[in-house]
Amino acid sequence: MLHLHLPLLRHQLSNIINQMMYEDMKMKVEHVIDKGEVIEEYISDDQQHQGFNKWTKSFSRMDHPTVIQVILDKSKDTDISGQLMPNLIYVSREKSKTSPHHFKAGALNVLLRVSAVMTNAPIILTQDCDMYSNDPQTPLRILCYFSDPALKSNLAFIQFPQRFHGLNRDDIYASEYKRLFKINSMGFDGLKGPNYVGSGCFFRRRALLGGPSTPVPPEIPELGPDHVVRKPIISQEILSLAHRVAGCNYENQTGWGSQSGFRYGSLVEDFYTGYRLQCEGWKSLFCNPERAAFLGDVPITLFDVLSQCKRWCIGLFEVAFSKYNTLIFGSQSMGVLMSLAYSHYALWPIWCIPVTFYSFLPQLALLNQVGIFPKITEPWFFLYVFLFLGAYGQDFLDFVLDGGTVRKWWNAQRMWMIRGLSCYLFSSIEYLLKSVGISTHGFSLTSKVVDDEQSKRYGQGIFEFGVPSPLFVPLTVAAIINLFSFLLVLTQSFSGKNTEGLCLQMILTGSIVLNCLPVYGAIGLRNDAGKMPTQITIISTFVSVALYYASSLCL
């Protein structure tokens, strides 16, 4: 009996040890963050000493030399059971204030070159730092596709849908992005394959070095996809070359970022790179197993959600209005259907125009007793109803058939309106100002730091405002104007006044009021740190009054 239980005991013991190691590591990381430095007692061997000693007090985030440290060497390092561990190499590329670093795309290209010099594996996984593997069978799945003779000649990458843990029950911020990461990707897959979404994607190294029939020769043979690394990764020759290709000046006078590697020119380097690869003739594949291949975190405050989306929108405009624009260049390179599919995303922020118009103009007309939609008795009324029910009915059907709930669908509609009045609008204005030389934008990371109180409110499905951001002003103004216009006409209809010609405007205004319920609660019913900041409420009230008087003069 003891012999039969030994495997189970070993497994349980391994789990206990792993948990203890994890808790110990977590404590050390948190302590280092609090102290701002790595203290000596946390450095356990000479190898770690070598790695940390490379970082000096003269280093800054934007100005430091290349640091490459082999942490695990698969030829000699083993785990607690004696099994060899895979290579683990820390890479920090050189940074200089006088050289552009191209954000995430630049970092990926450095990793691409360093990995070519040190191991040159033919398949590459790109993964965000807040995502982890959830299925050990994932590599086997992708090898089946990459090894398929019918696919491998022009298959560039395999994209898995981004899926997340920690979402609250009804996904109040629509952070699942079901259409972006899954529904629309299945549609792309029926053509030349899905777009690259930045994480959970396996690339063929060769695909990042020119088109299927037009390879781009690298500057040095060690970066070629067929190069075989024959020397140990800790040899001086290998490490010296790795440091060289990680330098901030290495890409000067080369095709990196334009003809090879991950492409520069957009804050959404994933969208842009996948698009350019498919324009070159490569195809991609969407793999959506029942068990999530990877899981990740989501931002839990509205400000972080909108800031992330605003950055995406600016990057999408950079693609839409570049010489590689998705409508003209895209249709010539990959056909009309794929061009339109990519244009749907590239022109995403333009939704701010109809959303803003429908959030303000009918309501201001209501306040002034002016009807702008057909009356119930007019034939055009039924066309409006048909289009409304058809569009929302199809959207609802797609969402629910993919496993969504009614509440999640409603929250997705609410967030579409919120994004239209905030990040879509502000990104459009910011890109327009930048284009005429008035303003510039910078890259900002999305915060995934979890505050206990914020996390508690998010778990309860409570919207988190808290930050006095201009992003909240148009939303709050829309909430105020819609509420007052709806209450005014509702009062008039109860008092016997004829409001037949205002029916469609009332329906539209009422639906926006329902969508804005979290805003009303944040303004007047909450006292926690996540309520709407007072200055935002005051500014929005003044803007609302100004819009009302301006509309009265015009109407």
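Just so it is clear, the model here is predicted, and its values are computed rather than measured.

1. Digging into the packing of helix H5 (residues 178–189) against helix H12 (residues 379–401)
At a minimum axis distance of 11 Å, the contact between H5 and H12 shows a crossing angle of 85 degrees. The pairing of H5 with H12 is recorded here as roughly perpendicular in orientation. Only Asp-395, Asp-398 and Phe-399 of H12 make contact with H5, whose side of the interface consists of Lys-178, Arg-179 and Ile-183. Residues belonging to the contact of H5 with H12 are distributed by class as follows: two nonpolar, no polar and four charged.

2. What to know about the UniProt feature "binding site: Mn(2+)" (unreviewed entry) in the chain
The UniProt record annotates "binding site: Mn(2+)" (unreviewed entry) at Lys-104 and Asp-128. Maximum C-alpha separation among the annotated residues is 10.3 Å over a sequence range of 25 residues, consistent with a single clustered spot. Inspection of the secondary structure assignment puts Lys-104 in helix H3 (residues 103–118). Classification of Lys-104 by relative accessible area gives partly exposed; the value is 28%. Apart from residues lying up to four places away in sequence, Lys-104 is in contact with Asp-128, Gly-198 and Glu-269. Assignment of secondary structure puts Asp-128 in the loop between strand S3 (123–126) and strand S4 (131–133). Asp-128 has contacts with Lys-104, Gly-198 and Ser-199, leaving out every residue within four places of it along the chain.

3. What about the environment of Leu-88?
Tracing the sequence through the fold places Leu-88 in strand S2 (residues 88–92). For the pair Leu-88 and Gln-69, spaced 19 residues apart in sequence, the C-alpha to C-alpha distance is 8.8 Å. Excluding residues that lie within four positions of it along the chain, Leu-88 makes contacts with Gln-69, Val-70, Ile-71 and Leu-72.

4. Remarks on the UniProt feature "transmembrane region" (unreviewed entry) in the chain
Taking the numbering used here, the UniProt-annotated feature "transmembrane region" (unreviewed entry) corresponds to residues 342–361, 381–404, 471–490, 502–520 and 532–550. Annotation note: span residues 471–490, helix share 95%, strand share 0%, distance between end C-alpha atoms 30 Å.

5. Focus: the packing of aromatic side chains
By the definition in use, this model includes 34 aromatic pairs. In textbook terms, an aromatic cluster arises when at least three aromatic residues are bridged by ring pairs, as seen for Phe-188, Phe-271, Tyr-275, Tyr-342, Tyr-345, Trp-348 and Tyr-424. Across from the ring centre of Trp-256, 4.9 Å away, lies the NZ or CZ of Arg-113, which sits over that ring. A cation over an aromatic ring shows up here: Arg-276 above the ring of Tyr-324, its NZ or CZ 3.8 Å from the ring centre.

6. Things to note about the nonpolar core
Counting residues in each nonpolar core, the largest one holds 71 residues, and the members touching the most others are Leu-302, Met-415 and Phe-465. With nine residues, the top contributor of residues to this core is helix H8 (residues 302–320). The residue makeup of this core includes at least three contributed by each of domain 2 (56–298) and domain 3 (349–437 + 453–554). Judged by nonpolar contacts, the second largest core, of 35 residues, contains Leu-112, Met-118, Leu-239 and Tyr-264.

7. So, unusual backbone geometry
Of note, Asp-171 is a non-glycine position whose phi angle comes to about 45 degrees, a positive value. The class of Asp-171 is buried, set by a relative accessible area of 4%. One non-glycine residue, Gln-369, lies in the positive phi region at around 60 degrees. Mapped onto the fold, Gln-369 is located in the loop between helix H11 (352–367) and H12.

8. Re the sheet that holds strand S7 (residues 201–204)
In spatial order, the strands read S3-S7-S5-S8; together these four strands make up an open sheet with mixed pairing. On the outer flanks of this sheet lie S3 and strand S8 (283–286), each paired with one strand and no other. Sheet twist, expressed as the mean angle between neighbouring strand axes with direction ignored, is 20 degrees. Relative to S7, S3 runs antiparallel, the two being bridged by four bridges. When the sheet's bridge partners are listed, Ile-123 is paired in S7 with Arg-204.

About the thresholds
Residues numbered from 1 in each chain as written. Predicted model: local features only at pLDDT ≥ 70, side-chain atom pairs only at ≥ 80, totals over all residues. Heavy atoms only, no water. Axes fitted to C-alpha atoms, helices over the stretch in contact; angles between N-to-C directions. Helix = DSSP H or I, 4+ residues; strand = E, 2+ residues; numbered from the N terminus. Parallel < 35°, antiparallel > 145°, perpendicular 65-115°, else oblique. Contact = heavy atoms within 4.5 Å. Nonpolar A, V, L, I, M, F, W, Y, C, P; charged D, E, K, R; others polar. UniProt positions renumbered as here; feature names shortened; annotations may be inferred. Buried < 20%, exposed > 50% of the residue type's maximum accessible area, 1.4 Å probe, protein only. Phe/Tyr/Trp six-rings, centres within 6.5 Å; stacked < 30°, edge-to-face > 60°. Lys NZ or Arg CZ within 6 Å of the ring centre and 35° of its normal. Core = buried A, V, L, I, M, F, W, Y, C linked by side-chain atoms within 4.5 Å. Domains from an automatic or database assignment. Pairing = 2+ DSSP bridges.

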